[in-house]
There are 2 protein chains.
Amino acid sequence: MSNPLVDIHTHVYLPRYAEVLRSRATVPRILTREDGEERLVILDNEPSGGRPVGPQYWAREEKLRFMDLHGIDISVVSTANPWLDFFDAAEAHTIAKQLNDDMEEYCASSPAYANGPLKRIYGMGILPLVPGISTEALLECIQQIAAAPHLHGLIMGTRGVGKGLDDDALEPVWKAIADAGLVVFLHPHYGVDSSAWGEKDNGHVLPLALGFPFETTTAITRLILAGVYDRVPDLRILLAHSGGTLPQLSSRLASCIDHDPVVAARLQHDARFYLGKLFFDAVAYGPEELGFVSEVAGSERMMFGTDHPFFPPLSSTEKWKSVVENLEAIDTVTGWDKAEKDGVRGGNALKIFGIL
Amino acid sequence: MSNPLVDIHTHVYLPRYAEVLRSRATVPRILTREDGEERLVILDNEPSGGRPVGPQYWAREEKLRFMDLHGIDISVVSTANPWLDFFDAAEAHTIAKQLNDDMEEYCASSPAYANGPLKRIYGMGILPLVPGISTEALLECIQQIAAAPHLHGLIMGTRGVGKGLDDDALEPVWKAIADAGLVVFLHPHYGVDSSAWGEKDNGHVLPLALGFPFETTTAITRLILAGVYDRVPDLRILLAHSGGTLPQLSSRLASCIDHDPVVAARLQHDARFYLGKLFFDAVAYGPEELGFVSEVAGSERMMFGTDHPFFPPLSSTEKWKSVVENLEAIDTVTGWDKAEKDGVRGGNALKIFGIL
């Protein structure tokens, strides 16, 4: 196999999920405007009445068309946000199992890659992480995902079962995920308190450019401070958007821990040790950022991603600027040799997700 | 003059200000515990009942002792947070003028550096940035600071006169500061909504390690998005803590702006252009972070700092770990030659602040 281009940050609203969102009268929902355009509204305070959506968001042929346009050989697809925390526990459990089955079928029936044994599309499952869910239900879904031949990870948000990822109630979940060899794709959804953005109309810029990375950074930092990695050292977490802002804050975090005896006594290692346990997508849009992440964590922990179907171009036939920028960034990082670039473009993903 | 070590991130509660904080019955305040220990409480939800404070926080001989212990030749001192927004407009105006006079005297009466024309201590002034303040009062204080021989900048928080730094009301303030050639030291105080930190006791770690940089990043991003640099290109803003997280998010910010026509049409340049207009302290505690900031902004825009008197060591006679780490970080950045290191250690500060 030559050096495939593998996209590990690529989303879908599976048709069943899109239907659920269409059926809802409150956010999150897909609504149809008077002019017939469908809009996805995922947060209460969303600017501009939500984003226009169409087949790119749910149809597999559109995913494959996008992959072909950009030379992407293999995609590891995950459900887009929001996840399931707007359901009650019983509903969330039921739909999680259905969506995991749907995702396995979405992948299993995808075309073969280069006439070989691999598929063009693999996937990630989803857990019913909602308040009141039983540990048994979560473990059952982890086993379901682990048993699905084409699912190699699971995506989750930052709220756990309501109290964040430093919640003791998640301890058996981390252990089961690590034992199953699944990758956790940690992805933001809620951002931060929007009062921070002020009164000026800046569209989606502040919540997307700043709020998303702040949310991811806070969630993974809380998990680290809770000592999860000391107890579950094999846990493999992939951070969206190149780790948010954790790499740039890691030495500051280490210093703040050093000066706080309660936290320092709780952890077995310097904060930067835990950074080296994490995985990072290469969705940062610039070579300096990628080079920096590789300097603190190692390029072998980094993987190309697109964030498709978000950030679409204005015309429907051109290459997506967001994708072109992320590929150019990988190609122009100072100090990466060809093997490192090939790794970030796809080789690392096949190894880390166990797609071999 | 050889290569002096210059600390541009070093704070004081001037004696008049400490007295004001002692006189207050509500936060922010300095309170005396039953055992006689003074505690500084600057935020309502502060962990552990505030931080212990003593002469390090206000006495100039302690500042000089700290400088001598670490080989710091010259300090550019600024008032520590909180600033003046707990006063009404008239009170804030009065005390700002008094504190600016006090700071000038604090610097003017400091020892000479190496028996030459320079002092050991220079300073920054403060503006009465509170809701309801008149533009005239702000401009008067800018002129006061500009006229003070030993003040070369001013420190401010992120709230402006109540609506943040993208408030149109601040436009004449930015112009006057730029015309006066003063450096604005933008420093966090409030952090972000503390509900993001969850229920676990992590002491000050999350608000200091994450909340502070998030606040700075949000404030400067909003100022950039408002187009301030397009209208006041000579404005010189120094960002605390190596720019918070803006450097790691700058290409993502550029991409998000590209995909948001309203904001894109407002700005004359790519977001990364504005990054090159900013200045950064070298208070990041690690060489990778410093090297990264210099890659995106240039080492000639970076300056050593300590954050004294915060982050004290457990024993009173040892060198401060936070200072030693920041000096080691400068010394071990990959790719910096001796001239660049000397620049960051002090040469840049003398030029940027105009201390010559």
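Rules behind the numbers
Position numbers for residues start from 1 in each chain and track the written sequence from start to end. Each chain takes a letter, starting from A, and each ligand takes a number, starting from 1, following the order in which they are written. pLDDT decides what is reported in this predicted model: residues at 70 or higher carry local features, side-chain atom pairs at 80 or more are listed and counted, and totals for whole chains, interfaces and linings draw on all residues regardless. Each side-chain value is worked out from all heavy atoms of the structure, with water and hydrogens disregarded. Note on ring pairs: Phe, Tyr and Trp rings are taken, using the six-membered ring of Trp, and paired if centres are within 6.5 Å. Classes follow the plane angle, with under 30 degrees stacked, over 60 edge-to-face and the rest tilted. Only DSSP runs of H or I covering at least 4 residues are called helices, and only runs of E covering at least 2 are called strands; the numbering of each starts at the N terminus. Here's how the labels work: a residue is buried when its accessible area is under 20% of the maximum for its type, exposed when over 50%, partly exposed in between, all with a 1.4 Å probe on protein chains only. Two conditions define a charge sitting above a ring: the NZ of Lys or the CZ of Arg must be within 6 Å of the ring centre, and it must be within 35 degrees of the ring normal. For this analysis, a polar contact is any N or O atom pair within 3.5 Å, provided that within protein one partner can donate a hydrogen and the other can accept it, and provided that sequence-adjacent residues contribute only side-chain to side-chain pairs. By definition, residues are in contact when any of their heavy atoms lie within 4.5 Å. By definition, the buried area sums, over both parts, the 1.4 Å-probe accessible area that each loses when the two are put together. Should a side-chain nitrogen of Lys or Arg be within 4 Å of a carboxyl oxygen of Asp or Glu, the pair is scored as a salt bridge. Residues are sorted three ways: Asp, Glu, Lys and Arg are charged, Ala, Val, Leu, Ile, Met, Phe, Trp, Tyr, Cys and Pro are nonpolar, and all the rest, Gly among them, are polar. Any two strands with at least two DSSP bridges between them are considered paired. Interaxial angle, 0 to 180 degrees, is taken between N-to-C directions of lines fitted to C-alpha atoms, where a helix line uses only the stretch in contact. The fit set for superposing copies consists of C-alpha atoms from residues with pLDDT of at least 70 in both; the fit itself is least squares. Angle categories: roughly parallel below 35 degrees, roughly antiparallel above 145, roughly perpendicular from 65 to 115, and oblique for all the rest. Buried Ala, Val, Leu, Ile, Met, Phe, Trp, Tyr and Cys residues that are joined via side-chain atoms within 4.5 Å together make up what is termed a nonpolar core.

Q: I keep staring at the packing of aromatic side chains and nothing clicks. Help me out?
A: According to the stated counting rule, one finds 18 aromatic pairs over all chains in the structure shown. Seen from their ring centres, Tyr57 of chain A and Phe310 of chain A are 5.7 Å apart, and the 80° between their planes marks the pair as edge-to-face. Taken together, the residues Tyr57 of chain A in the loop between β4 (51-53) and α2 (60-70) and Phe310 of chain A in the loop between β11 (302-303) and α12 (321-331) connect sequence positions 253 residues apart. Pair check on accessibility: Tyr57 of chain A and Phe310 of chain A agree, each one buried. A centroid spacing of 4.0 Å and a plane angle of 10° characterise the contact between Phe214 of chain A and Phe214 of chain B, whose relative ring orientation is stacked. Residue Phe214 of chain A is located in helix α6 (residues 205-225), and its partner Phe214 of chain B is located in helix α6 (residues 205-225); the two belong to separate chains. Note on Phe214 of chain A: relative accessible area 1%, which makes it buried. Among the aromatic residues, those joined into a ring-pair cluster are Tyr13, Tyr17, Tyr57, Phe86, Phe87 and Phe310 of chain A. The aromatic ring of Trp58 of chain B is capped on one face by Arg22 of chain B, whose charged end is 4.7 Å from the ring centroid. We note Arg301 of chain B situated over the ring of Phe279 of chain B; from NZ or CZ to the ring centre the distance is 4.3 Å.

Q: Help me out: how do you make sense of the side chain of His152 of chain A in this one?
A: Residues and elements named next belong to chain A. Structurally, His152 is set in strand β7 (residues 151-156). Given the relative accessible area of 14%, His152 is considered buried. Looking at His152, its side chain comes within polar contact range of the main-chain oxygen of Phe353, at 2.7 Å. Among all residues touching His152, those that are not within four sequence positions of it are Tyr122, Gly123, Leu182, Val183, Phe353, Gly354 and Ile355.

Q: Help me understand the interface of chain A and chain B, please; the structure alone is not making it clear to me.
A: Note: interface size is frequently given as the accessible area lost on complex formation between the parts. Listed as interface residues are 63 residues of chain A and, on the opposing side, 63 residues of chain B. Counting the surface lost from both chain A and chain B, the interface buries some 5,400 Å², and carbon and sulfur atoms represent 58% of this. Remark: the boundary between chain A and chain B carries 6 salt bridges. A salt bridge links Glu199 of chain A to Lys163 of chain B; its shortest N-O distance comes to 3.6 Å. Seen at the junction of chain A and chain B, the total is 28 residue pairs in polar contact (both at pLDDT 80 or more). Going through the elements one at a time, α6, α8 (246-258), α9 (261-266), α11 (287-297) and α12 of chain A are the ones with two or more residues in the side of chain A that touches chain B. Per-element tally for the side of chain A that touches chain B: the top contributor is α6 of chain A, with 13 residues. The residue inventory of the side of chain A that touches chain B, partitioned by class, reads 26 nonpolar, 19 polar and 18 charged.

Q: When you look at the sheet that holds strand β3 (residues 38-41) of chain A in this model, what are you seeing that I'm missing?
A: Two orientations exist for strands paired in a sheet by backbone hydrogen bonds: parallel and antiparallel. Residue and element names in this part refer to chain A. Taken together, 3 strands build an open sheet; the order of strands is β2-β3-β4 and the sheet is antiparallel. Single-partner strands in this sheet number two, and they are β2 (29-32) and β4. Across the sheet, the axes of successive neighbouring strands diverge by a mean angle of 40°, strand direction being ignored. The strands touched by helix α1 (residues 15-22) within the sheet are β2 and β3, with β2 carrying the most contacts at an inclination of about 70°.

Q: Before we go on, may I ask you to explain the relation of the copies chain A and chain B in this structure?
A: The relation between the two copies of this chain is a rotation about an axis and a shift parallel to it. When chain A is fitted to chain B, the best match, at an RMSD of 0.0 Å, comes from turning it 180° and sliding it 0.0 Å along the axis. Overall, the copies show the geometry of a two-fold rotation axis. Of all interface residues in chain A, 100% are interface residues in chain B too; the two copies therefore contact each other through one and the same surface.

Q: Would you take a moment to explain the packing of helix α1 (residues 15-23) of chain B against helix α3 (residues 89-108) of chain B for this structure?
A: Working note: a packed helix pair is described by the angle between its axes plus the distance between those axes. All names here are of chain B. Interhelical geometry of α1 versus α3 gives an angle of 140° and a closest axis separation of 9 Å. Between α1 and α3, the crossing angle belongs to the class labelled oblique. Residue-level contacts link Arg16, Tyr17 and Val20 of α1 to Ile95, Gln98, Leu99 and Asp102 of α3. Among the residues making up the contact of α1 with α3, the classes are represented as 4 nonpolar, 1 polar and 2 charged.

Q: So what exactly am I meant to see when it comes to the nonpolar core here?
A: Within soluble globular proteins, side chains that are nonpolar tend to cluster in buried spots. In terms of nonpolar packing, the biggest core is built from 268 residues, with Leu127 and Ile177 of chain A together with Leu127 and Ile177 of chain B touching the most fellow members. Discounting chain neighbours no more than four positions away, the residues touching Ile177 of chain B are Leu127, Ile142, Leu154, Met156, Leu182, Val184 and Leu235 of chain B.

Q: Hey, could you run me through the pattern of salt bridges in this one?
A: Side chains that carry opposite charge are capable of pairing whenever their charged atoms lie near each other. Applying the stated criterion to the full structure yields 34 salt bridges over all chains. Here Lys175 of chain A ties to Glu171 of chain A by a salt bridge, and the two come within 3.9 Å at their closest N and O atoms. Note that Lys175 of chain A and Glu171 of chain A are positioned in helix α5 (residues 171-180) at a spacing of 4 residues, about one turn of the helix. Residue Glu171 of chain A is classed as buried on the basis of its relative accessible area, which comes to 13%. As a salt-bridge pair, Arg39 of chain B and Glu37 of chain B come within 2.7 Å of each other at their nearest N and O atoms. A residue is classified by how much of its surface remains accessible, and Glu37 of chain B, at 28% relative accessible area, is partly exposed. Look at the salt bridges and you will find they share partners, linking Arg33, Asp35, Glu37 and Arg39 of chain A into a network.

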